[in-house]
Structure formats: structure tokens, C-alpha cells
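# Residue-level structure breakdown
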Amino acid sequence: KEACVEENIYIEKYVEATQRGNGLPGNAIKTYKYNALTFLPLNLFEQFKRAANLYFLALLILQIIPQITTLPWYTTLVPLVLVLGITAIKDLVDDLIGKSVSNCHFFQTSFLESKWMNIEVGDVVRLNKNDHIPADILLLSSSNPNSLCYVETAELDGETNLKFKMGLKETDERLQEESQLAQFDAMIVCEEPNNRLDKFTGTMHWRRDRFPLNLDNMILRGCRVRNTDVCHGLVIFAGADTKIMRNGGKTRFKRTKIDELMNYMVYTIFVMLVLLCAGLAIGNSFWYAEIGSKAWYLYDGLNQSASYRGFLSFWGYIIVLNTMVPISLYVSVEVIRLGQSKFINWDLQMYYREKDTPAKARTTTLNEQLGQIEYIFSDKTGTLTQNIMAFKKCTIAGQTFGEKRWFTIQPVDFSWNKYADRKFEYQDHSLVACIRSGKNKEALEFFKLLSLCHTVMVEQNENDELVYQAASPDEGALVTAARNFGFVFLSRTQDTITVSELDQKNTYEMLALLDFNSDRKRMSIILRFPDGRIRLYCKGADTVIYERLSPNSRYKEVTQTALDIFANETLRTLCLCYKDISKEEYDSWAAKHKAASVSTGNREAALDQVYEQIENNLMMIGATAIEDKLQDGVPETIAKLAKADIKIWVLTGDKKETAENIGFSCHLLDDDMQIHYGEDRRRLRLKRLGRRPASSVPQDATQPIDDWEKEMRQVDFVNMACECEAVICCRVTPKQKANVVSLVKKYKDAVTLSIGDGANDVNMIKTADIGVGISGQEGMQAVMSSDYAFAQFRYLERLLLVHGRWSYIRMCKFLRYFFFKNFAFTLVHFWYSFFSGFSAQIAYEDWFITLYNVMYTSLPVLLVGLLDQDVNDKLSQKFPKLYLPGQQGALFNYKNFFISLFHGIFTSLVIFFIPYGAFLQTMGQDGEAPSDYQSLAVVMASSLILTVNLQISLETSYWTFVNCFAVLCSIAIFFGIMFDIHSAGIHVIFPSTFTFTGVASNTLRQPYLWLTIILTVGISLLPVICIEFLSKTIWPSVGDKVRPTAAEKKKPAPFQRGRASRRSAYAFSHSRGYADLIASGRSIRRRPNVPYLSLSLSLGWYEGSEWASCSKVNSLLNMIKRIIDAHFKNTVQMVVGLAGAVCLALSVV
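The chain is annotated in an unreviewed UniProt entry as Phospholipid-transporting ATPase from Esox lucius.

## What about the confidence of the model for the chain?
For the chain, the average pLDDT comes to 80, and 81% of its residues sit at 70 or higher. This stretch, residues 98–109, has a pLDDT under 50; its non-local contacts, to residues over four places away or in other chains, come to 36 contacts. The low-confidence segment residues 1126–1132 (pLDDT under 50) makes 12 contacts with residues lying over four places distant or belonging to another chain.

## Thoughts on the sheet that holds strand 17 (residues 399–401)
One open sheet holds the 9 strands; their spatial order is 17-16-26-25-24-23-22-21-20, and the pairing between them is antiparallel. Only two strands of the sheet have a single neighbouring strand rather than two, namely strand 17 and strand 20 (487–492). Averaged over all neighbouring strand pairs, the angle between strand axes comes to 25°, with direction disregarded. Bridge count for strand 23 (residues 522–528) against strand 24 (residues 534–540) is 7 bridges, and the pairing is antiparallel. Each residue of the ladder has a partner; that of Arg-522, found in strand 24, is Gly-540. Of the strands in this sheet, strand 16 (390–396), strand 20, strand 23, strand 24, strand 25 (572–581) and strand 26 (619–627) touch helix 13 (residues 473–484), which is tilted by about 115° from strand 20. On top of the sheet, helix 17 (residues 603–614) reaches strand 22 (504–514), strand 23, strand 24 and strand 25; it is set at about 130° to strand 22, its chief contact.

## Regarding the packing of aromatic side chains
Scanning the entire structure with this criterion turns up 58 aromatic pairs. Taken together, a centroid distance of 4.9 Å and an interplanar angle of 65° make the contact between Phe-974 and Phe-975 edge-to-face. Every member of this aromatic cluster is reached through a ring pair, and the members are Phe-830, Trp-831, Tyr-832, Phe-834, Phe-835, Phe-838, Phe-912, Phe-913, Tyr-916, Tyr-933 and Phe-996. In this structure, Arg-483 is placed above the aromatic ring of Tyr-468, and the distance from its NZ or CZ to the ring centre is 5.2 Å. Just above the ring of Phe-818 sits the side chain of Lys-821; from NZ or CZ to the centre is 4.4 Å.

## Observations regarding the UniProt feature "active site" (unreviewed entry) in the chain
Under the UniProt annotation, "active site" (unreviewed entry) lies at Asp-379. Along the polypeptide, Asp-379 turns up in strand 15 (residues 375–379). By relative accessible area, Asp-379 is classed as buried at 4%. Once residues within four sequence positions are removed from consideration, Asp-379 is found in contact with Leu-384, Leu-651, Lys-737, Ile-755, Gly-756, Asp-757, Asp-761 and Met-764. A distance of 3.1 Å separates polar atoms of two side chains, one belonging to Asp-379 and the other to Lys-737.

## Side note on the pattern of salt bridges
Enumeration over the complete set of coordinates arrives at 35 salt bridges. The partner of Lys-243 in a salt bridge is Glu-191, with the nearest N and O atoms 3.3 Å apart. A residue pair is termed long-range when its members are at least 10 positions apart, and Lys-243 in helix 7 (residues 243–246) and Glu-191 in the loop between strand 8 (187–190) and strand 9 (202–206) qualify at 52 residues. Grouping residues by exposure puts Lys-243 and Glu-191 together as buried. For the salt bridge of Lys-539 with Glu-475, the shortest nitrogen-to-oxygen distance reads 3.7 Å. Taken as a pair, Lys-539 in strand 24 and Glu-475 in helix 13 lie far apart in primary sequence, 64 residues in all. Judged by its relative accessible area of 6%, Lys-539 falls in the buried class.

## A word on the sheet that holds strand 12 (residues 224–226)
With respect to topology, 3 strands assemble into an open sheet ordered 7-6-12, the strand pairing being antiparallel. One side of each edge strand has no neighbouring strand; the edge strands of this open sheet are strand 7 (162–166) and strand 12. The mean inter-strand angle of the sheet, taken between neighbouring strand axes irrespective of direction, is 45°. The pairing of strand 6 (residues 148–152) with strand 12 spans 3 bridges and is classified as antiparallel. What sits directly across from Tyr-150, in strand 12, is Arg-226.

Reading the values: rules and limits
Residues numbered from 1 in each chain as written. Predicted model: local features only at pLDDT ≥ 70, side-chain atom pairs only at ≥ 80, totals over all residues. Heavy atoms only, no water. pLDDT = per-residue confidence, 0-100. Contact = heavy atoms within 4.5 Å. Pairing = 2+ DSSP bridges. Helix = DSSP H or I, 4+ residues; strand = E, 2+ residues; numbered from the N terminus. Axes fitted to C-alpha atoms, helices over the stretch in contact; angles between N-to-C directions. Phe/Tyr/Trp six-rings, centres within 6.5 Å; stacked < 30°, edge-to-face > 60°. Lys NZ or Arg CZ within 6 Å of the ring centre and 35° of its normal. UniProt positions renumbered as here; feature names shortened; annotations may be inferred. Buried < 20%, exposed > 50% of the residue type's maximum accessible area, 1.4 Å probe, protein only. Polar contact = N/O pair within 3.5 Å; in protein donor to acceptor, adjacent residues only side chain to side chain. Salt bridge = Lys/Arg side-chain N within 4 Å of Asp/Glu carboxyl O.

Written as C-alpha cells, this is what we have:
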């Protein structure tokens, strides 16, 4: 979506083409999804495409049917409305943010007034300085010399540095005046509208001639005119056909493994629900046939068969047990993910102060996947290195320069050069002396090539200093080096380049520019010298240059030796060469080049073929070596990630020796490793199979004969590579980077992460499960295509080992508990059905069912999902092995799901049958017997709320004031609301809705019912406590081992004088974390006596109650108090002790 344009933008329209419109789309664009009329219906339609929402809508419809419903309609309506409302508000906010305004206008006497929406293909428009560009426009002329127009492309690619666009020389010379523009009658033949921001192919037919058009001649919608007073252009694409709008399509939606697993589990729950309801319906049929039809007091006046009643009972139980499918699960998950994303954005330890760049989570759906990464694919330049290039060495005519002499103390003084860049440093004084002497012709030709063969643009700042705008840091470094050695690039036009050669200014006519791309790996320029000579200069990778050298070229072997030395020093190399061209040869080639440049079909391939015809028989001059230093902390980060069993692959376009040495310098490789190269792959495969390679066996260099062989080679490559500790892929193109990532995803089913900083990494970033962009020297394309972004590679360690691991653990704990609490809540209805004739009667009060997931149990589990930590961030980074459970998916899988299921079944059994047994043949102290259904429902509900809230307390590893408040507040809200809706006052107002009048106050004043609740809660929690104790004692996890280790290291040495000791138990975990962002205050762990104080207060309250008259209870409580005083010093022991006391209470009862 476009950024909002609210300022006055001035656009003028002057002349319309003869076929204006002609079925082509206009420039009006609607970037918002909703308006005031369509928001509600359209948003609801989209939300009900989700299976869960549609399921609950069907339940709501079923609840309206009197013959089926056993629950009031509001029990489903209230949660459904909350879920739909929260989602609708989020969608509306997103839509308002993306809404744009594009109907701006300006009036000028000579041009017609127009709004953006009225511009159409074929219009000629005038743009002024700082105007937003309203469509994709062919630049015709500008007020700058040579038809240059500077544009800011931040909304397209995120880059803030200015780009230059250039109109054709012919249009710039002939279309400056308004009368000339009015007579412009060219025909443009171009490609179909597409989303390629880096490519445009077209041909202009005008005045019986054809002119090639490319991206340099286009200014695209979304850009902004800068440093150019006026420019004119012809609208080529408008509205939805513009490239920025074509890029507005849907990006591939990435989903986490937990998302997929969660959906399958919801489907499993739904199948279980159908089977349960079918079984209960069959039970109802048999019960009615055997008992119900024969009991006169159950006759309802409806002559329905047993099977028909069973059919109605099936739908009734679908309604009653609907909470097994959690409606609020997806909303809760989104809230947790949003909070985790904010914590990443707020992390000051991932903030890069030098560039004022914080970390940014650009998505909220992948946080827990950060804790499951198995493979990292990293670019080298700008990702592992700084991408700040420095010219260090060179070889010229077989002689190497740049070695630091032992007697050299000061760097070279360039004060003799008035154009020198003061930041440039060089150590070898002999190269400067060689150039200034003028005797070494090859050295002069070497730097002349660097000053001429490039696409750099030059400007002058306020101090009249030259400022170079380079497409890549490499090119900028080479032109700057030539500048300091006396060959200064001064200016360029469309067909000339002016340089100062040792204070002598020369202008060269540029005949052709053969630009660089990732397939060619070279660039060339053809120049006519002032004396009439025609020469081609070329620079590129050694692999492509050596293939095109003349057999008579000198210095090939010595240059290759120097290149190998440079590569071993991890320097980036380029070969430089030239070729003299005769006028006849150039004229013949120029005709072919003109024909290829205006071809409408596959122009790039045609141009490449023409380029090959001229780029041959080259003569070697030498090679350059540029240094790109490693970023801070890269070796340490790679070492930590390797200890976390994360495989790191480096994908780079550099040559093998450079890539290998970078691998050693960043500790990806070490001397103990055995290195295997790609050419050894077949031999290694045969060695694994136990076979000896035959000399006649063809090597892998041959092309696969069919798809099966191609797939086998892919599988073999992935299997071999994944057995290695580290992999470095060199000489790879951007497309090959993406292919490597997709192969590992396809054949290993592994969670992958790609990290890069440039446009050549975008495909790799989008292909991986998680893409990380680094905001470096190559613009913001990688960041804008990424899921997470930051400024330095070293922050990847914290992103994965801290945020990723915490997010995974929190989400897994949240889901396990969420499923458990819903099973424990819902299955009570199942056990109750055996005592209610399978009549689909509910076991709780209506409003309890409505508010259970919304108010009574939502807050504590949300806070666990947001704030919980098993260990703090320092220990997470210190012990990388803590990351392993996430890679193995050990904390949330079908095993954990069924454990939650059986835990919920056990809890529901206890919550139903203990109160049921307590209500059989009971009598209160006042002679009353509160054995009715409503009192039973209150006791079961109270037991359930206490159990699930205490259960989440046991699950909590990191306690803060907020967690404690949430648990206590949830329990308090339950009792407060229950007493309110059971009051007589609300019953008088709504007699049919609130029917449990006075039940809560009547039930909870009975001491033995409180004892029943305590007994139920204790028995529900006791197995959990015992299992946790045994698992942490006998089968401790990595985290369980780390916590005591950290605690032991903090203890002071024994008999140490003059130092205060401090005991700290891990009952409530460890140091402070992100809770500071939520609330301030001291942590509960600093007050280990709080539970004991709470018990004392409870006993004080007890002394004034009716229970004080029971001697057995008195003796039991005194015994509990003595046990606690004697043995239990922290909260974990307190919980275990209370559970044991409950068992003693059971024996007393």
C-alpha cells in the first residue's frame, strides 16, 4: 500500500495522446479495503471464512432451536462477539493506516489543471521539485544539464540516497519548450505491465527512427523528484499497472510449525467432540428406552421415539461440549505474538547506536519459530563483513603494490592532489612514486581504467568538494582510489566522461556502456580518445576475464598468483583489462548493438550475445584487491550458534579462496576440520557407499539426463552438505542462493533462516521460513523483504537464543495449559451426563460457562505467554544447549497434547466425583442439606477456578507482581461476579436469566463444602506436584541443570569475612526481565514468607469462624502449622507441604 500523501502535490497535465485511454486503466487507485458501508459486511464475511468462527456461528444457530438447545444463546454469543470485535478493530486500524490520498492538483496558466486520478496513459505531465511522481513516466526532458533528474526511491526500495534518471538525448534537445511538447507524436512499444522494479524494456518510434528505452529512462510512481526544478515525462503505466502497485500483491504467507500443529490438534479435538457426542446420544437412546419411557414422572407429552431423542441429544451435546474447541485460542495467540514482537522492538541490547537503528519485528506471526531454527543461510558481504570497502593492494603488470614495508611509519601523504579524499589511507609509498614519475605506462593505464570504467555519478557539496554516488561500495572504493592517485573523475554526460589525469583535464566520448549484472560478472565501456583511438576497458571477476583474454596477453600467470595471495588474505579481487578496437570493427559491432537494443523480444539475451562479440581478445593490465572487514562480534556469534546445534551456511559470490579464508577468520571453519570441496562430492558419495570410483565414471559436471537424475543429484547434494558442520557456497548467483535454501527445506523439512543485507539476498530471504534483513551499506531492499531487521549480524545471537527461545517456550506452555483448562472444564459435563440420563443437561451455571474463558482464566495464562522465563537472558546466551528443545519440537507435540488431554480428564474426574460424593447423604450444621444441583454446580465451579489458577501458578517459572496480581485477581473476579449474579436484586430485574438466586451465599457458608473444595483442589494438584518433583530430580532438563549451576556460582566462598551473604531460592526463578515494561515494583521472590503470612491470616480468620468448634480440625491445623514451621522454607516446599496436609485432611475426614 502507498504511504499516505496529505500535503499539496502539484501535478500539471498538458497534452493528450491521440489514442488517450483506449481501454487502458486510469490512474485512480483505491488502496483501502473498506468504507463506511462495506466495513461491517465485508469484514464479517472475511472472518467467517475461518473454520473456527463458522463453527461457533453454527452453534449459535443451533442454540436458537428450542428442541435442541440446553444452553442460552448468550453463552456462545458473548465470546464470539468479543473475538469478532477484537479482530475487526485490528483490521480497521490496519486499513486506516494503509489508506492513501492521491487526488491532489495544481493550477498553472500554461498547463491544464489536473488531479492524479484523471491522469491516463499518453498524457504528458510536468513535475516540479519535491513532487511525488503520480504514475510510471518516461522522462523526456528536464531543467538539469544532459536531461538528468534526481529522484528519491525510499518508498520503492527503502533507500534514502538519491538516484539519477536520464532522458534520451534526442528528446531532451527537442522537447524543452511547451510548443515542442504539444507536437510530440512518438509511439512507445514496451513490455507488459509487471512487478520488476529493476527492469524495463521498450522502444520509442519517433521521426523515422527507433530509440531503446530502459529503466534509466523511467521515473516510477512512489518516487519523489529531488534537486531538479522541472522535468517533463510521458505516462507509460497508470493506476494498477504501475510497478509499485504490481508489487502490492500478496506476499507468500509464512506459517510456523506450531501453527500447523495447532490446527491439526483443533481438528483432532473436533473429531473427539463428534465421537463423544455420538456416544452420549446412543446412551440417551438406550436410557430412554430402558428407563425414561417407563417413568411416568418424566413424561413430557411428546411422542418421540428413543432414536429421535438420541438424535436431538447429539446436537444438544454438540452445544454443551462446544468449549472443547477453544474459540478464544487464536485471538490469545495473536495477543501473545504481538507482545513478543514489541519486546524485540524495545530491546536496547539490539539497538545500534551509531546509526540510530533499533531492531524491528516486521511480522508478528513467526516469533516462536525463532526458537526452532536448524539452518542459517548467510550472505557474506555486508552481513558478516562491514561492506565498507578500502582499496588495499593491487597488481600492475606483474608487480604487486600495497605491502606494508617494515620501514614504513606514516601513510602516504596525498596533499599534492587537490582533489584527494582526506579519509583515504594507503601504506605503500612506491605506488605513488611510480605514478608521479610517469615512467610506468601500465600503472597510468591501470588508474585511467578505474576512473573511466564505472557508473558512478558525481556531485559537489557546499564546500565544492566532489561527492561520488556509487551503485556499490566496491565501485565507489575503486573510483576513490583512482581519485587519490591523480586520476579524478570530474563529470559525465550522456555521451562523455571528463577526468583529470595528473592535473590534466581530458574528455572522452562514451560510445557504449556494457553494464554489470550477476550473470555477466563484468562491465565494459567503449571510449573514443581525444586522439581518435577507440578502446574498450573491462573489469570483472577473474573467472570470466581469463576466459576472454587474448593468447598474446602478458602477465596472466603472475596476476593469477597475486590473485591467489589476495584471496588468501580475504581480499575482494577484480581483474582489469583493455582492448583496442578499429573503427571498422566498432562500426560493424555498433550496428548489431543498435539492433539488439531496440529488439522487443528477449532484449537482454540479444544484448548479452552482442556483448560477447566485442569482449574478447582482451589484454591484461592487473587486478585490484579491496578489504572488507568483519563486523564486530561475528566470530563469537557464529561460535555460540554452532554450540546451539545450528548449522550455518555462507552463500557468497566471491571466489573459493576468499570464501574459505573468510570462513576461517569468522571461526566458521577451524584447523581441526577436514575440508571437502565440491569437486570431491562424487568421490565422497562412492566412499560412503563403500565403492571405489572408476576412472571411466563421468563426473557431476555433466548435465543430468532427466528429472529423476536431477532430483537424485539434489538429494545427494543436500545429504552430503547437511552432514558437514559448516558449508560455504561460493560463486553463487542470487537465484542459486534461493535454490539452495529451497532444497534444504524440501529434503530436510528443517526450519531455515536467511540473513542478508542487499537486493541480491531478497530471493533467499523470501524463500526461507524466516528472513532477516540487515540495514547496511546496500540500501533497504533486504530489510523491506524481511521478517526481522537489525543493524549488525551479532544481534542474531540474541534474537534466536533469547527472544526466539523464550517465545517458543512461552507459546508451548500457553498452548499446553490452554488445552488442559478447556478439557478440565468441558469434560465435567461428560461425567455429569451419566447421572442425568444423558439429557444434555449442563453441569454449571450459564454465566459461568460464558465467562470462564473470557474473564476467569484468561489473564494469568496470557501473562505466562508474555513474560515467563525459565532462565534469564544472560544464562540463555551463556548456555546455548538450552536452545535444543526448540529444534527437536520437544515442548509441544502430539505427546504433550495427549498429556494435557489425560491431565484434563483426571482433573475433571476429581472436580466432579469428589463434590458428588461429598453431596451424597450430607447434612449441614443448621439441619439443612444443600445437596441440590445448583449448590453442586457452585462447588464444582469454585474447585475448577482454584485448580486451574493454581495450576498455572505451578507452571510459572518467572514471578512478577503482575503474575501474582493476575492469579489473585482472576479468583477474586470469579467470586465477586458469582455473588453478584446469585443476588436477589439482579434476579428481580432479570428473573429468567439469573436463576441461581442466593445459591453462592447459601453454599459457601457451609464449612464442610469449603473443606470439599480444598480437598478437590489438593487432590487435583498433588499428582502434578509429585510428577514435577520426580521429573526434575530423576530426569532433569537442560534448563533444570542450568538453574542450580547459576545459583551455585553466585554463592560466596565459605568463611568469607566482611561480606554480607544472601540466600536466594529459585522458587520464583531469577532476575528481572521484561516485566519492567509492564509494571514496576518488587518481585515476589524477594519475599519468601508471603505464602506463610497468607496462611497465618487464613488461620486467624478461622479462629473466629464456626470451624473452631471442631476438635479434629483444630488438631489437624495445628499439625500443619508445626510442619510448615519446621520444614518448609520456600514456596515450592510450601506447595508440596500443603498437598501432603490435604492428604492428612482426607484421612481425618
